[in-house]
Amino acid sequence: MPSTSPAPRSSQTPAKVVPDAVRTELASLFSTAVDEHRTAGVTWAVIGGHEHDRGILAHGAAGQRELLDGMPAPGSGPMDEATVSRIASMTKSFTAATILALRDEGALRLDDSISQYVPAAAGAFALAADDREPTLRQLLSMNAGLVTDNPWGDRQEAMSPEDFDAMLRQGLGAVHRPGTGFEYSNTGYVLLGRVIDEVTGNSYREEIRERFLDPLGLRDTGWSDVEIDKDQLAVGHRVADRTDATRFESVPLSGPGAYGAMAGLFSTVTDVARWVRFLAAADAPDAAQRPRGPLATASRREMQQMHRHQMLPARRPQASPEAGAADQSTDAGSFDRIRGYGFGLVIEQFPDLGEVISHSGGYPGYGSFMAWHRDSGVGIVALANSKYAPAVPLGMQALRVLQRELPQLLAPAPIPLGPCTRTAAEAALAWLRTDNSYLADRFFADNMDPDVPRAERRRRLDAALAASGRNMQDIAQLVVDDAEVITPQQLRWRLTAREEGQEDLVIDLLMDPRREALLQALNVSSIARR
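Source: prediction; values computed, not measured.

How each quantity is defined
- Residues numbered from 1 in each chain as written.
- Predicted model: local features only at pLDDT ≥ 70, side-chain atom pairs only at ≥ 80, totals over all residues.
- Heavy atoms only, no water.
- Phe/Tyr/Trp six-rings, centres within 6.5 Å; stacked < 30°, edge-to-face > 60°.
- Helix = DSSP H or I, 4+ residues; strand = E, 2+ residues; numbered from the N terminus.
- Buried < 20%, exposed > 50% of the residue type's maximum accessible area, 1.4 Å probe, protein only.
- Lys NZ or Arg CZ within 6 Å of the ring centre and 35° of its normal.
- Pairing = 2+ DSSP bridges.
- Contact = heavy atoms within 4.5 Å.
- Axes fitted to C-alpha atoms, helices over the stretch in contact; angles between N-to-C directions.
- Expected span 1.5 Å × (residues − 1).
- Polar contact = N/O pair within 3.5 Å; in protein donor to acceptor, adjacent residues only side chain to side chain.
- Salt bridge = Lys/Arg side-chain N within 4 Å of Asp/Glu carboxyl O.

### A short note on the packing of aromatic side chains
- Under the counting rule described, the total for this entry stands at ten aromatic pairs.
- Here Tyr-184 and Tyr-341 contribute two aromatic rings whose centre-to-centre distance is 6.3 Å and whose plane-to-plane angle is 80°, an arrangement assigned as edge-to-face. Highlighted residues: Tyr-184 in the loop between helix H5 (161-170) and helix H6 (186-200) and Tyr-341 in strand E12 (residues 338-341), separated in sequence by 157 residues.
- Taking the relative accessible area as the measure of exposure, Tyr-184 reaches 16% and is therefore buried.
- Centroid distance Phe-212 to Trp-275: 5.6 Å. Interplanar angle 75°. Geometry classified as edge-to-face. One end of the pair, Phe-212, is in helix H7 (residues 204-213); the other, Trp-275, is in helix H9 (residues 269-280), and 63 residues separate them in sequence.
- Among the residues examined, Phe-212 registers a relative accessible area of 0% and is labelled buried.
- Since its relative accessible area comes to 1%, Trp-275 is described here as buried.
- The rings of Phe-94, Phe-212, Trp-275 and Phe-278 are connected pair by pair, giving a single aromatic cluster.
- When the ring centre of Tyr-204 is taken as reference, the NZ or CZ atom of Arg-205 above it lies at 5.3 Å.
- Positioned above the aromatic ring of Phe-248, the side-chain terminus of Arg-247 is 5.9 Å from the ring centre.

So, in structure tokens, the structure goes:
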């Protein structure tokens, strides 16, 4: 098998990428959570992106692997980079990747119903007469209508495949019809684990190890305390109803069974960083030149697309304390992000960060989070040893620290121009300057003149120039690289108005859909000054 390490384009050292001052601020975020008794311990790492040759750019830890009566337990040590913790539902990404690998090999189809692979699932679903049984695709994307089963599912890990199949024969509940809405389901991923069992003849645990853990060198990742170094294990803790360190009470480990397909893996921040880099590399600008590794690049990208939108509550109106309840926030009814589920991964679009891919994990005794910025590949992983520890808010705060202090690290990826766009855009600017008929004949698609005759286009240009206080000399100075690249086939130039009360001049360009594309739109207008 070829090398699976992402091919970097930079040899920067961690010290140059994440300065000491930023690392100190990040460390303070996590250590404060321990000091405030929000978790017994936590280990974290900043994951190198597409441009970096190192998997981890900074790391740290705080707290203890095990507490007893609020103090470090005998024989236990502090959390560190080598600490092994449960990653809980982050496991779903491995299960999803295995299903896609089997699809790529022709062993299954995503749009097949689940009972084609797991016979015990036939008749398990509460279906109306006009419903269809959930498909593998719907289970992967949390779109099958099954009941959300946290925290019940967390306590079922050791259930045997036989007992799970017996449960299926007794029937499953539903919250909506298959294919009509998001509902997070652990049991859905257990069903996918059973698909892996049935299709391969291996257990899902063996199949995931053979396909991903071993090829990617995830040596400290496994399914039970038999497969990991117990000396490095972070003991899980429940959180009792006290406020000091004595609130953390250790919990016993459960053994792997059918429900492990949704949350059963143990790992370290180093191994999770390897996994994140493998997934994230599918969106690197040079992804086509990188080794494909154990899952096709296109399939990894497919995992990271939003296949089911998750409805989030709108912001509530915020009354101004100075002006009274009548003065409500203009954010009322808006949303702080767009969120949805891919295949074993969460996809979110934030106004400040852009697109972030992630998955969290919560389990008896543990909380975890991995996230990465799609454009740059830079990410964060946090593993904590307290039930539902605040790994998600800590991880998102860490990403925002990086964005604030090192904006170049999470910079949006530039959008490349399409093969014909630059030439056509240069011709479009030249035509606006000169009214050269040859340029229009050569670069206008056949819809252009019927849509807006050329003489009218010139009149619209003159009107927009007058409304903005601009002139042809301003047009003459425009170049292609001044434009905002909206897509590889769509550009926009914007010249701000000369004076208050005037409008901005905007030029919009759109190429047609053919490979040898021509201009299908070249619109000049004036719009309100921004």
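Alright, that's what it looks like, and here's the rest.
### Side note on the sheet that holds strand E15 (residues 366-373)
- What the eight strands build is an open sheet, ordered E2-E1-E16-E15-E14-E13-E12-E9; its pairing is antiparallel. Across the chains shown, the open sheet's two edge strands, defined by having one partner strand only, are strand E2 (56-63) and strand E9 (308-309).
- Bridge analysis of E12 against strand E13 (residues 346-350) gives four bridges, and the strand direction is antiparallel. Each bridged residue has a counterpart across the sheet, and for Tyr-341 the counterpart in E13 is Val-346.
- Packed onto the sheet, helix H2 (residues 20-35) meets strand E1 (41-47), E2 and strand E16 (379-384) and runs at close to 155° relative to E1.

### With respect to helix H3 (residues 92-104)
- Helix length check: H3, at 13 residues, gives a terminal C-alpha distance of 18 Å against a target of 18 Å (1.5 Å per residue), a fit within 8%.
- With eleven of 13 residues buried, H3 lies mostly within the body of the structure.
- Residues of H3 that are buried include every one of Lys-92, Ser-93, Phe-94, Thr-95, Ala-96, Ala-97, Thr-98, Ile-99, Leu-100, Ala-101 and Leu-102, and no others.
- Note on H3: the residue one or two positions beyond its end, Gly-106, has a positive phi of about 85°.

### Description of the environment of Glu-249
- You can see Glu-249 is positioned in strand E7 (residues 248-250).
- For the pair Glu-249 and Val-235, spaced 14 residues apart in sequence, the C-alpha to C-alpha distance is 9.6 Å.
- Not counting the four nearest positions on each side in its chain, Glu-249 is found in contact with Gly-236, His-237, Arg-238, Ala-240 and Arg-242.
- In terms of polar contacts, Glu-249 uses its side chain to reach the side chain of Arg-242, at 2.7 Å.

### So, the pattern of salt bridges
- Taken as a whole and assessed by the stated rule, the structure comprises 38 salt bridges.
- Salt-bridge contacts for Arg-103 lead to Glu-302; the nearest nitrogen and oxygen are separated by 2.7 Å. Highlighted residues: Arg-103 in helix H3 and Glu-302 in helix H10 (residues 297-303), separated in sequence by 199 residues.
- Its relative accessible area of 18% is what places Glu-302 among the buried residues.
- Note that Arg-498 and Asp-474 form a salt bridge whose closest N and O atoms lie 2.9 Å from each other. Taken together, the positions of Arg-498 in the loop between strand E18 (490-495) and strand E19 (504-511) and Asp-474 in helix H16 (residues 472-476) put the pair 24 residues apart, joining distant regions of the chain.

### A few points about the environment of Ala-82
- Locating Ala-82 in the fold gives a position in the loop between strand E4 (71-72) and strand E5 (85-86).
- Its relative accessible area of 39% is what places Ala-82 among the partly exposed residues.
- Ala-82 sits 234 residues away from Arg-316 along the chain, and the two C-alpha atoms are 43 Å apart.
- What Ala-82 contacts, discounting residues up to four positions off in sequence, is Arg-65, Gln-232 and Thr-268.

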